[in-house]
Structure formats: C-alpha cells, structure tokens
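Chain and residue survey
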Amino acid sequence: MTRPVPFSQRRYFPAVLGLGSFAAFVIAVEFLVYADILNRFIIPPPSDVIGAFPRVIMEEHVLARFTQTALEALAASVLVTIFGVAGGVLLYQFTLLRRATETWVAAIAAAPLVLMYPLYLVIFGRNATTIVMMGFTAGLAPIILKTLEGLSGTRRVLINVGRSFNLTRSQQFWKILFPAALPTIFVGMRLGLIFALINIVGVEYLINFGGLGQLINELAERYDLAGTYAAICFVILVSIIVFALTERLERWLRPAG
Amino acid sequence: MAETGRLSAPSLAPSWVREHPVTALRIFIIVTVLLAWEGLARSGWLYRDVVPSLVAIGHALYETLADPTFYVHLYATFYEIAIGMAIGGVAGLAVGILIGGSKLMQRAYEPFLYYLGPCPKIIFFPVMIMWFGVGPGSKIAMGAISCFFPVALNVAGGMREIDKVLIRVGRSFRANTWQMVTKIYMPAMRHPIINGLRLGLGVCLIGTLLAETKLSNRGIGFLVIQAYTLFNMPQMYSLLIVLFVIAIGANALIGRLGGLDSIRRS
C-alpha cells in the first residue's frame, strides 16, 4: 500500500500557500481597519472595495472604458508592429546602418520616453491620438531590437539551404529568414504591447482622458476611496490577463525543443 | 575563360569616411536630422513654437542650465529618486533573496511579482497621495514601488543561478544567514543585482517624474509640466534633453560600475 503524500508536498500546495497568504493579508487589513488601527479614510475595508466592484462596473461604464483602452492599445500595437518590424528588417538588411544606430535604438529603449507626454499634448492635443502615439513611441524600440535579434539569429544552415535552392533575395526573406525569426519577433511584439499598454493607461490617468486610466483619476478626485481601490484592482486584473494571454501565445508560437 | 572581375570605380568618398564609415554615417544622420528639424521649424507648416528652432532650444538649454533654481528642482528629483531607489532596492533585494532561496517560496509567491511587475505603476499614485501626502513622500513611494519589481525578479532569478558549491562552502563554514547573504549570495549575484538596479533605476525615474508631473510644486517633472502649461516649448525641449541625458548616462554608469560591459564582451 502506498503512503499518502503529505499535504505540504502536493503539487498544488505552493499555489494554495500563495493565494492563502493573499487572503490572510486581506482579512488582516479588514480586521485592522475595523479595529481602527488602520485609518478607514486612507485604507477602506477590503469588503467595501469588493462591494464597490458592481457599482464601478455598472455606474462608471467600465466596459466602454475598457473597450476604449483596448482600442487605443490595439491601434498602438498595430503601428508598433508595422514600424518596428520594418525598422528591424531595415537594420538587418543594411549592416552599416545597423552598426551606426543599434546602440541608439537600445538607448531609446532605456530612455524615459513617457515623459514626452506634455510634448505630445501640444502636438496632437488632449485626445486619443496623443495616447496612441505615446504607446507607439514606448513600444517601438523593443520590437525593432527583437526583430533584428530574430533575423540575425537565423541558423546558418537554413540560410545555406535557401542559397542552394537559388532563392531570390525576396524569397530568401519570406521563406527562410522571416519564418525563422517569427518567434523572436513575437517576443518583441509582446514586449511592445506591454510597454504600449503601460504607457496608455498611465497617460490616460495623467491627462484625465480616455478609458481605464481616466476612471482611476476621476474616482480619486471624487475621493471615492473604495471605488478608486476597486478600479486599481480592475486595471491590475486586466494587465495580468493581457500579460498571461500574450505569454501563452508566445509559448505556443515558440518552436518545441 | 575570360576573367569577369568586378569593375572598381575610384571611390569619391574621402579616405577618412572609408576608414570610419560608422562614425561618418552617424554624423550624417545627426546632421540630416538637425537640418530637417531646422527646416521644419522655419517652414511654418506646424503651429509656431511646436517645433522651435535649434537656436531657441540651445538658448533655452543654456538658460535652464544657468538658472540656479533648476538645480534646486534637480536636487528635489534626485533626492526622491535616491530614497525611492534605496527603499525599493533594499526591499527588492530582501524579497528576491527570500523567494529565490526556496523552491516553495518561489512557486508560491513569484507569480505575484511576475504578473504585478508589468502593471502600470502610476495607477497607484492616488493611493500613495492618500498614504504619504502630496509632498515628496508620495513621489518617493512611487519610485520605490517602481524599482522594487525589477530588482526582486532579477535577484530571485540570480539566487537560482548561484553555484551550489558556493552555498555548500558557506554552510560548511557554519555561516549564519547574514554571513551567507553578505559573503556568498550578494557577491555571487553581483551581475543580476546590478542588472536589476539598472532596470529599477529606469522605472524609478519614470515613476518619480510622472508623479511630479501629476501633482507637485518642485522637481524636474514639475518644471516639464509647468513649461507645458506656459507653452514654453523651447524650455520643455531643453528639459527633456537634460532628462534623457541624465537617464541614459545613469543607466550606462550603473552598467559600467557593475562590470556588465565586460560580461557582454567576454
């Protein structure tokens, strides 16, 4: 007869521990607020925050706001993909250009580009274009670098196979280089989307315009504490879902082994 | 068979350009961009001052750097970033060591870090204002939150990469927890820590400066948003130039101090 596996060694124990710790933390905050140890005018009881969810979803038109943020993110992602992949291909094709500008692109990727949002406000006005362009600017550099990395990392043997078939330059690109680089390009697209989304929600909050970011700002300005916390939780939830989905898609695209 | 050698036309490029093509191309790109900018500024195609002339930007840059109050604002931002980095960095280091040091902790808590890391941190700013007020406290908190995640994730990853022999050596010498951290873990994780700090500095800078643009009466972020409010575009450009130079310079400095360049070369 096999001995039963102790609970602490079961496969799901770490997940239970993590979620249990989080639940314990929430219950502790609830208790500390009711015991007046934590100020309820700064930290609302978690039960109030949970209770505010239906109100925020119904009264604050969360679905419409979510759609707006999603559309902005989609527009930025499409732009980032088109220009980023094209930029990466351009740098791959022209070695001299690559040697001259690759470090610049890397420096731009590390620069705090989101601080340019007041400049974009002047150029594009306080509207969705500013938000989309901010997302585009933030997401561009990573995808250029990843496209370049993917194309440069194509195995020599694949390129030689293409040459042995006398493929033209265009055929070599579309049949060999691009398919081989696609998984890495997708990593760049995912990074670009995440950067774009972070900046889009951030700028929405900062300029008080648009979807989910604006919702947080409005609720905070109304001093609707429970609503503000609920909206923040909602944005975190959306970010986690997008992040997890794109990660799953990336794993699916990545070649096995 | 007749030799079909490639015809080589005498190159018109000066010898310096042929010897340093990368530098020559860089200079060409910079000069072209500057000329295009100046042309756009003088063309009148855009609203006046949206693209100010290079002379106006240069003058604003000089005025900004010569103005003593700029350094008061710079100090305020530097102070907030330094404290934010210190708090977020130390917290990230401690949490990273705890999580990376145990398989159970890693599987239980790392997903929280992993999934919360990419969330836009600026959304926490209203909460930080409520907790720490409208002064430097809320900006420091924003910097600390932003910096915490990359440091913690890098350190946790670094802990898993430490050579098991080193850990066994530490244990065989009966090193206590503090000694293990300071004598084994931290020296062995120098590169992941520096890498985490480098990433952390970038996001700490963004978090702090964005918070300053939202609600503050001092700091570089405040100056940027004030330039926007007053529609002083040359000053805004000059401030952005200063900010990017500081951010990229600090990033490169941390990388160099941590010896990251030498890893890449080897």
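Residues numbered from 1 in each chain as written. Chains lettered and ligands numbered in written order. Predicted model: local features only at pLDDT ≥ 70, side-chain atom pairs only at ≥ 80, totals over all residues. Heavy atoms only, no water.

1. A look at the nonpolar core
- Ranked by size, the top nonpolar core spans 97 residues in total, and within it A:Tyr117 and B:Tyr185 carry the most contacts.
- Counting residues domain by domain, this core receives three or more from each of domain 1 (10-43) and domain 2 (52-253) of chain A.
- A:Tyr117 has contacts with A:Met134, A:Val203, A:Leu206, A:Ile207, B:Leu210, B:Thr213 and B:Ile225, leaving out every residue within four places of it along the chain. (Core = buried A, V, L, I, M, F, W, Y, C linked by side-chain atoms within 4.5 Å. Buried < 20%, exposed > 50% of the residue type's maximum accessible area, 1.4 Å probe, protein only. Domains from an automatic or database assignment. Contact = heavy atoms within 4.5 Å.)

2. A few points about the packing of aromatic side chains
- Applying the stated criterion across every chain, the model contains 14 aromatic pairs over all chains.
- A centroid spacing of 6.2 Å and a plane angle of 35° characterise the contact between A:Phe22 and B:Phe112, whose relative ring orientation is tilted. Of the two residues, A:Phe22 is situated in helix H1 (residues 13-34) and B:Phe112 in helix H5 (residues 103-116); the pairing between them involves two chains.
- Take B:Phe112: its relative accessible area is 30%, and that puts it in the partly exposed class.
- Members of the aromatic cluster, joined through ring pairs, are A:Phe173, A:Trp174 and A:Phe178.
- A cation over an aromatic ring shows up here: A:Arg40 above the ring of A:Tyr34, its NZ or CZ 5.2 Å from the ring centre.
- The residue whose ring lies beneath B:Lys214 is A:Tyr205, and the NZ or CZ to ring-centre distance is 4.7 Å. (Phe/Tyr/Trp six-rings, centres within 6.5 Å; stacked < 30°, edge-to-face > 60°. Helix = DSSP H or I, 4+ residues; strand = E, 2+ residues; numbered from the N terminus. Lys NZ or Arg CZ within 6 Å of the ring centre and 35° of its normal.)

3. Regarding the environment of A:Thr137
Residues and elements named next belong to chain A.
- In this fold, Thr 137 is placed in helix H6 (residues 128-152).
- The sequence separation of Thr 137 and Leu 19 amounts to 118 residues, and the corresponding C-alpha distance is 37 Å.
- Thr 137 has contacts with Leu 113 and Tyr 120, leaving out every residue within four places of it along the chain.
- In this structure the side chain of Thr 137 is engaged in a polar contact, spanning 2.6 Å, whose partner is the backbone oxygen of Met 133. (Polar contact = N/O pair within 3.5 Å; in protein donor to acceptor, adjacent residues only side chain to side chain.)

4. Thoughts on the pattern of salt bridges
- By the definition in use, this model includes 8 salt bridges over all chains.
- The residue A:Glu60 makes a salt bridge to A:Arg222 at a minimum N-O spacing of 3.0 Å. Separated by 162 residues along the polypeptide, A:Glu60 in the loop between helix H2 (46-59) and helix H3 (62-93) and A:Arg222 in the loop between helix H9 (212-221) and helix H10 (225-253) bring together distant segments of the chain.
- A:Glu60 gets classed as buried once you look at its relative accessible area, which sits at 9%.
- Between B:Glu110 and B:Arg160 there is a salt bridge, and its shortest N-O distance comes to 2.9 Å. Within this pair, whereas B:Glu110 is found in helix H5, its partner B:Arg160 is found in helix H7 (residues 136-161), the two being separated by 50 residues in sequence.
- A network of salt bridges, in which partner residues are shared, links A:Glu60, A:Arg65, A:Glu218 and A:Arg222. (Salt bridge = Lys/Arg side-chain N within 4 Å of Asp/Glu carboxyl O.)

5. Some details on the interface of chain A and chain B
- Each side of the interface is counted separately: chain A has 53 residues, and chain B has 45 residues.
- Of all residues in chain A, the largest losses of buried area upon contact with chain B belong to A:Leu115, A:Val122 and A:Tyr205, amounting jointly to 14% of the total for that side.
- Linking chain A with chain B are 0 salt bridges.
- Inspection of the chain A/chain B interface yields 9 residue pairs in polar contact (both at pLDDT 80 or more).
- Contributing elements (two or more residues each) for the side of chain A that touches chain B: H1, helix H4 (95-110), helix H5 (117-124), helix H8 (169-207), H9 and H10 of chain A.
- The element best represented in the side of chain A that touches chain B is H10(A), accounting for 11 residues. (Buried area = accessible area lost by both parts, 1.4 Å probe.)

6. Description of the side chain of A:Thr101
- Mapping A:Thr101 onto the fold places it in helix H4.
- Once you skip the residues sitting within four places of it in the chain, A:Thr101 turns out to touch A:Leu91 and B:Ile29.

7. What about the state of the cysteines?
- Under the criterion given, the structure shown has 0 disulfides over all chains.
- Just so you know, B:Cys119 is unpaired, no disulfide at all, and the nearest cysteine sulfur is the one on A:Cys233, 10 Å from it. (Disulfide = S-S within 2.5 Å.)

8. Structural notes on the domain arrangement of chain A
- Structurally, chain A comprises domain 1 (10-43) and domain 2 (52-253).
- With centres defined by C-alpha atoms, the gap from domain 1 of chain A to domain 2 of chain A works out at 34 Å.

9. Observations regarding the environment of B:Met85
All names here are of chain B.
- Mapping Met 85 onto the fold places it in helix H4 (residues 68-100).
- On the basis of relative accessibility, which here comes to 14%, the residue Met 85 falls in the buried class.
- It is 8.1 Å that separates the C-alpha atoms of Met 85 and Phe 148, two residues lying 63 residues apart in sequence.
- Among all residues touching Met 85, those that are not within four sequence positions of it are Val 90, Cys 147, Leu 197, Gly 200, Leu 201 and Cys 204.

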